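One letter stands for each residue in the lines below.
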Amino acid sequence: MCKLTELRRVLAAADLRQGLALDEVEAHLTQFARLNDAGQRGLAFYLVEMEDRRLWQETAHACTRDYAEDRLGLDRRRVGELITVGRKLLELPAIDRAFCEQRLSWSKLVLLMRVVVPEHEAAWLERALASTVKKLKLDVKLATPGTAPRPEGSTRGLPEPRFPVAVDLDPITYGKLEAARKKLATECDRSIDYVELFAELAGIFLNLEADGTVPGRKRVNSSHFRVVLKEGEDGGLYMDSDLGPIPIVRADDPLRDADETNDDPTPSAMRTRVLMRDGGRCRCCGASKDLMVHHIQYRSEGGPTVTWNLITLCTRCHSHVHAGRLILVGTRAEAIRFTDMKGRPVYEPGSEPSPELCMPMAPPEIAPAEPTQPAAPRVPATIDRSWWRRHAHRIKYRREQGFLLRPGASMRDLAPDAPKPEPVSPEEAFRGLVAQDAMLARLGRRAAGRRARGEAFPHTLLYGPPGTGKTSLAKGMARCFGTRLHRTTGPMLKDIGALVILLAGLREGDMLFIDEVHGAQPAVLETLYEAMAERQLSLTVETEGVVHTTTLELPRFTVLAATTEEGDLTEAFRSRFAARESLGHYAEADLAAIVRASARGRGFEVTAEAAHRLAQHARGTPREALRLMECALDDVAGVGIRRIEEGHVRTTLGQMGYDGNGLDPSEQRYLAALRSCPDPVPATRLARMLGTSVRTLVDIVEPFLFRKGLVRMTPRGRVAVPDLPDVRRPALRPAIE
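Please read these numbers as outputs of a predicted model, since none were measured by experiment.

**Student:** It is not clear to me how the overall build of the chain should be interpreted in this structure. Could you clarify?
**Tutor:** Helix and strand content of the chain: 28 helices and 21 strands. In the chain, which comprises 737 residues, the share counted as buried stands at 40%. Excluding contacts between residues fewer than 6 apart, the proportion of contacts in the chain whose partners are at least 24 apart in sequence is 64%. Total accessible area on the chain stands at roughly 40,400 Å², and carbon and sulfur atoms take up 53% of it.

As structure tokens, then:
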């Protein structure tokens with residue numbers, strides 16, 4: 001823990017200078033990250049430097065947040081907060097100096113940044129130095145950004161409801177908007193933010209009359225679109241709308257609980273009684289913070305200050321009531337309901353009201369005992385799929401903070417589950433899969449044995465080159481076992497929340513197929529360990545500020561994982577699979593059989609010679625063989641031919657750029673470049689010669705050449721075999737009449 005004098009010395013020595021080199025910026029960031037409250041200023045300053053000058057590019061990071069998370073261990077949300085504060089402090093020297101001198105805490109500084117502008121800096125600084133964090137938070141909440149603080153003691157108003165608008169602009173539109181902001185700032189001779197700009201633009205547009213000369217626009221009567229404000233009988237300001245007059249509520253015009261004719265506050269004992277009766281929560285949204293007691297029938301309209309005429313509301317719902325956006329239906333607290341301006345229920349409960357809300361409310365005012373802290377709604381110690389389905393619409397995943405259970409009603413009427421499919425014989429399930437007889441026999445015996453034992457199919461790992469039938473095999477296993485198959489891919493499992501949602505939706509005996517499982521995040525795979533081994537997951541769920549630890553019980557299920565990069569999987573993950581099956585390249589005879597069977601199903605006949613020619617070019621995978629077959633079918637179908645001869649295939653392959661040895665254009669260029677060099681060629685040099693990447697050569701171009709024996713590896717690089725066959729493209733003969 002640094003002392004105050006040491007913190008001041010560090011800040012003075014740092015001098016917060018702009019334009020430093022990356023090494024100096026990183027040194028300052030590391031130094032300030034070790035400090036506590038005072039270190040935030042230095043962090044904010046140099047993070048802004050890194051953001052504006054894009055220094056994170058020199059460290060090979062994607063952005064400033066990535067750099068700070070990786071190098072400094074800072075939370076991404078906190079980094080964004082620091083950058084925002086750092087930018088604003090450049091315009092607020094007095095507040096900046098007070099913070100560096102430790103007269104202003106970081107919590108107060110963050111609150112001030114929401115509302116302070118240079119014109120009112122001194123007033124807000126004086127208010128912050130004389131207030132507690134809680135009182136300053138209320139002042140900021142009641143203020144409009146860019147205005148001075150409200151007079152001291154004027155705290156009966158409610159915060160103005162805000163409506164955030166988020167849009168993505170193209171560069172031209174953004175340039176126009178920025179130019180308009182600068183023009184307005186020049187005209188007003190002060191800084192203008194986007195809130196003021198949008199308000200000004202909306203006012204100008206609504207007062208314009210289109211003259212019809214602009215393409216796509218016609219003349220309209222602008223009076224239909226003007227905002228009409230009228231003074232009501234009660235002296236208040238109202239806005240005309242399709243829903244009737246809407247009262248105008250402003251943060252700088254304190255709201256009152258419609259007690260305009262009676263400023264006597266509600267007795268403290270009665271307020272406590274109402275809060276206890278309502279469970280210490282807002283009767284509308286269920287919030288437990290910033291609570292107020294509201295008169296159902298206003299005192300100015302003769303409403304009495306008694307418990308049956310009082311309900312508990314949070315400041316947000318309270319302000320919506322006074323603004324006319326939230327309508328109270330009913331005259332007594334025990335039967336009150338809430339609707340919007342169109343009469344639609346708001347926060348309508350999904351079950352019967354709790355006994356506390358339906359208890360009779362006797363008029364006698366009895367001073368209650370010391371109030372107790374209301375208990376937050378609890379999450380069961382053990383939950384299952386049915387509980388998750390009822391509450392899924394209220395659950396949100398927040399990464400490091402775990403899951404959040406938001407207020408609201410659970411679903412009562414759930415759609416019934418679809419019936420499980422009937423199991424089929426292994427012959428029927430794996431129909432169309434050839435050259436895998438031994439593996440299919442093993443899987444068939446496992447399926448029959450597990451069904452006899454009443455257990456789920458074992459977790460199975462499928463690995464092999466792309467296009468060898470891993471997905472088709474997973475579908476066949478689900479059909480053979482008679483269960484539902486849920487499909488996803490490793491790259492789609494970006495966080496633990498996505499995995500938990502998948503697992504929570506599984507039913508008894510279901511199979512979860514994860515293709516390209518090596519692309520999943522390590523944290524996701526570690527969570528999958530527990531689910532596969534224990535059939536349960538330990539979760540943290542927060543509700544109303546209280547964090548609960550619960551266990552999600554999972555049914556018996558099977559994970560089918562497929563990968564083309566078995567080496568990228570950890571041994572800890574591989575060991576979770578009781579069955580591991582390897583799929584390799586197919587023989588040409590098997591590929592020819594697959595081609596003929598597939599063409600026959602489409603109403604075409606492929607001769608043995610034509611099928612063999614396609615198999616020779618298929619790189620040993622059914623996927624490539626079927627792709628080439630589709631190209632041949634497209635060429636002949638247009639002229640009414642239903643029988644594919646070898647000549648048709650030769651023409652199709654020639655038009656696609658294949659040569660007589662079955663090499664595609666990229667492989668031909670590779671061999672030509674390799675043969676042009678008398679010495680072995682390293683992969684990096686070869687990639688530069690061909691204008692591609694090393695990964696493309698290794699993963700796509702070279703595998704088939706190595707299998708065919710056309711290229712070999714030496715310690716110094718790649719070389720072509722001495723006796724290369726003739727790779728010149730043969731003359732094409734038209735085969736389609």
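**Student:** What exactly am I supposed to notice about the sheet that holds strand S8 (residues 382-383) here?
**Tutor:** Two orientations exist for strands paired in a sheet by backbone hydrogen bonds: parallel and antiparallel. Across the sheet, which stays open at both edges, the five strands sit in the order S8-S15-S14-S10-S9 with mixed pairing between neighbours. With partners counted over all chains shown, the strands left at the sheet margins are S8 and strand S9 (395-397), one partner each. Inspection of the sheet shows strand S14 (residues 536-543) paired to strand S15 (residues 546-553) by eight bridges, in the antiparallel sense. Its bridge partner lying in S15, valine 541 is registered against histidine 548. Along the sheet face, helix H19 (residues 496-504) touches S9, strand S10 (403-405), S14 and S15 and points at about 115 degrees away from the line of S14.

**Student:** When you look at the packing of helix H8 (residues 121-130) against helix H9 (residues 133-142) in this model, what are you seeing that I'm missing?
**Tutor:** Two numbers describe how H8 lies on H9: the axes approach to 8 Å, and their chain directions differ by 145 degrees. Helix-helix and strand crossings are classified by hand; for H8 and H9 the assignment is right-handed. Note on element contacts: H9 touches H8 through Leu136, Asp139 and Val140, opposite Trp124, Arg127 and Ala128. Taken together, the residues that form the contact of H8 with H9 break down as four nonpolar, no polar and two charged.

**Student:** Sorry if this is basic, but what is going on with the pairing of strand S17 (residues 579-582) here?
**Tutor:** Each regular strand displays side chains that alternate between the two surfaces of the sheet. The alternating pattern of S17 places Ala579 and Glu581 on a buried face and Arg580 and Ser582 on a face that is not buried. Pairing analysis gives four bridges linking strand S11 (residues 460-463) to S17, with the strands arranged parallel. By the bridge assignment for S17, leucine 462 is matched with glutamate 581.

**Student:** How should the sheet that holds strand S16 (residues 558-563) be read in this particular structure?
**Tutor:** The strand order S12-S13-S16-S11-S17 describes an open sheet built from five strands, whose pairing is parallel. In the strand order of this sheet, the two ends are held by strand S12 (485-489) and S17, each with one partner. Ignoring which end each strand starts from, the neighbouring axes of this sheet average 15 degrees apart. With five bridges joining them, S12 and strand S13 (residues 511-515) adopt parallel strand pairing. When the bridges of S13 are listed, leucine 485 appears paired with methionine 511.

**Student:** Mind showing me how you'd approach the nonpolar core here?
**Tutor:** Looking at soluble globular proteins, one finds that nonpolar side chains tend to be buried together. With 43 residues, the main nonpolar core has Leu29, Ile95, Leu104, Leu109 and Leu112 as its most contacted residues. Counting only elements with at least two residues in this core, the list comes to helix H2 (22-33), helix H3 (39-52), helix H4 (64-72), helix H5 (76-89), helix H6 (93-100), helix H7 (106-112), H8 and H9. For this core, the leading source of residues is H3, giving seven residues. When sequence neighbours within four positions are dropped, the list of residues in contact with leucine 109 reads Val85, Leu89, Ile95, Phe99 and Leu104. Judged by nonpolar contacts, the second largest core, of 35 residues, contains Trp387, Trp388, Leu499 and Tyr529.

**Student:** Could you clarify how one ought to interpret the pattern of salt bridges in this entry?
**Tutor:** When charged atoms on two side chains of opposite charge get close, those side chains can pair. Using the criterion set out here, one finds 22 salt bridges in the structure. For the salt bridge of glutamate 605 with arginine 643, the shortest nitrogen-to-oxygen distance reads 2.7 Å. Note that glutamate 605 is positioned in strand S18 (residues 605-606) and arginine 643 in strand S19 (residues 643-644), a separation of 38 residues in sequence. On the basis of relative accessible area, glutamate 605 is assigned to the partly exposed category, the value being 41%. The partner of glutamate 624 in a salt bridge is arginine 627, and the shortest N-O contact between them spans 2.7 Å. Taken together, the residues glutamate 624 and arginine 627, both in helix H24 (residues 622-637) and three residues apart, mark about one turn of the helix.

**Student:** Help me understand the pairing of strand S4 (residues 291-295), please; the structure alone is not making it clear to me.
**Tutor:** With four of five residues buried, S4 lies mostly within the body of the structure. Relative to strand S5 (residues 310-314), S4 is paired through five bridges, and the arrangement is antiparallel. Bridge pairing in S5 links histidine 295 to leucine 310.

**Student:** How should the environment of threonine 607 be read in this particular structure?
**Tutor:** As for its position among the elements, threonine 607 is in the loop between S18 and helix H23 (608-616). Separated by 15 residues in sequence, threonine 607 and alanine 592 have C-alpha atoms that sit 9.7 Å apart. Apart from residues no more than four positions distant in its own chain, threonine 607 is found in contact with Arg596, Arg643, Ile644, Glu645 and Glu646. Looking at threonine 607, its side chain comes within polar contact range of the main-chain nitrogen of alanine 610, at 3.2 Å.

**Student:** Would you mind going over the side chain of aspartate 139 with me for this structure?
**Tutor:** Relative to the helices and strands, aspartate 139 resides in helix H9. Among the polar contacts listed, one links the side chain of aspartate 139 to the side chain of arginine 127, at a separation of 3.2 Å. In this structure, aspartate 139 is in contact with Trp124, Arg127 and Ser131, ignoring residues within four places of it in sequence.

**Student:** Honestly, H5 in this entry has me stumped. Any pointers?
**Tutor:** In an α-helix, one full turn covers 3.6 residues, which means residues spaced three or four apart are oriented alike. Here H5 contains 14 residues, and its C-alpha end-to-end distance of 20 Å stays within 8% of the 20 Å for a straight helix at 1.5 Å per residue. Within the span of H5, buried status applies to Val79, Gly80, Leu82, Ile83, Val85, Gly86 and Leu89. For H5, the secondary structure elements touched by its buried residues are H3, H4, H6 and H7. Capping the start of H5, aspartate 75 holds a side-chain oxygen 3.0 Å from the backbone nitrogen of arginine 77, two or three residues further along.

**Student:** Can you help me understand the packing of aromatic side chains in this one?
**Tutor:** Two aromatic rings, taken as a pair, are described by how far apart their centres are and by the angle between their planes. The full count for this structure, using the stated rule, is six aromatic pairs. Ring centres of phenylalanine 45 and tyrosine 46 lie 4.9 Å apart, and the angle between their planes is 80 degrees; on these two criteria the pair is classed as edge-to-face. Note on accessibility: phenylalanine 45 and tyrosine 46 belong to one class, buried. On the basis of an interplanar angle of 50 degrees and a centroid distance of 5.0 Å, the ring pair of tyrosine 397 and phenylalanine 403 is categorised as tilted. Residue phenylalanine 403 is classed as buried on the basis of its relative accessible area of 5%.

**Student:** What is the right way to read the environment of threonine 564 from this model?
**Tutor:** Position of threonine 564 among the secondary structure elements: in the loop between S16 and helix H21 (571-574). Sequence separation between threonine 564 and proline 466 is 98 residues; the distance between their C-alpha atoms is 6.3 Å. Residues in contact with threonine 564, not counting those within four places in the same chain, are Gly464, Pro465, Pro466, Lys470, Glu516 and His518. A distance of 3.4 Å separates polar atoms of two side chains, one belonging to threonine 564 and the other to glutamate 516.

Rules used throughout
Residues numbered from 1 in each chain as written. Predicted model: local features only at pLDDT ≥ 70, side-chain atom pairs only at ≥ 80, totals over all residues. Heavy atoms only, no water. Helix = DSSP H or I, 4+ residues; strand = E, 2+ residues; numbered from the N terminus. Buried < 20%, exposed > 50% of the residue type's maximum accessible area, 1.4 Å probe, protein only. Contact = heavy atoms within 4.5 Å. Areas by Shrake-Rupley, 256 points an atom, 1.4 Å probe, with all protein chains shown as cover. Pairing = 2+ DSSP bridges. Axes fitted to C-alpha atoms, helices over the stretch in contact; angles between N-to-C directions. Left-handed = near helix turned anticlockwise from the far one by under 90°. Nonpolar A, V, L, I, M, F, W, Y, C, P; charged D, E, K, R; others polar. Core = buried A, V, L, I, M, F, W, Y, C linked by side-chain atoms within 4.5 Å. Salt bridge = Lys/Arg side-chain N within 4 Å of Asp/Glu carboxyl O. Polar contact = N/O pair within 3.5 Å; in protein donor to acceptor, adjacent residues only side chain to side chain. Expected span 1.5 Å × (residues − 1). Phe/Tyr/Trp six-rings, centres within 6.5 Å; stacked < 30°, edge-to-face > 60°.

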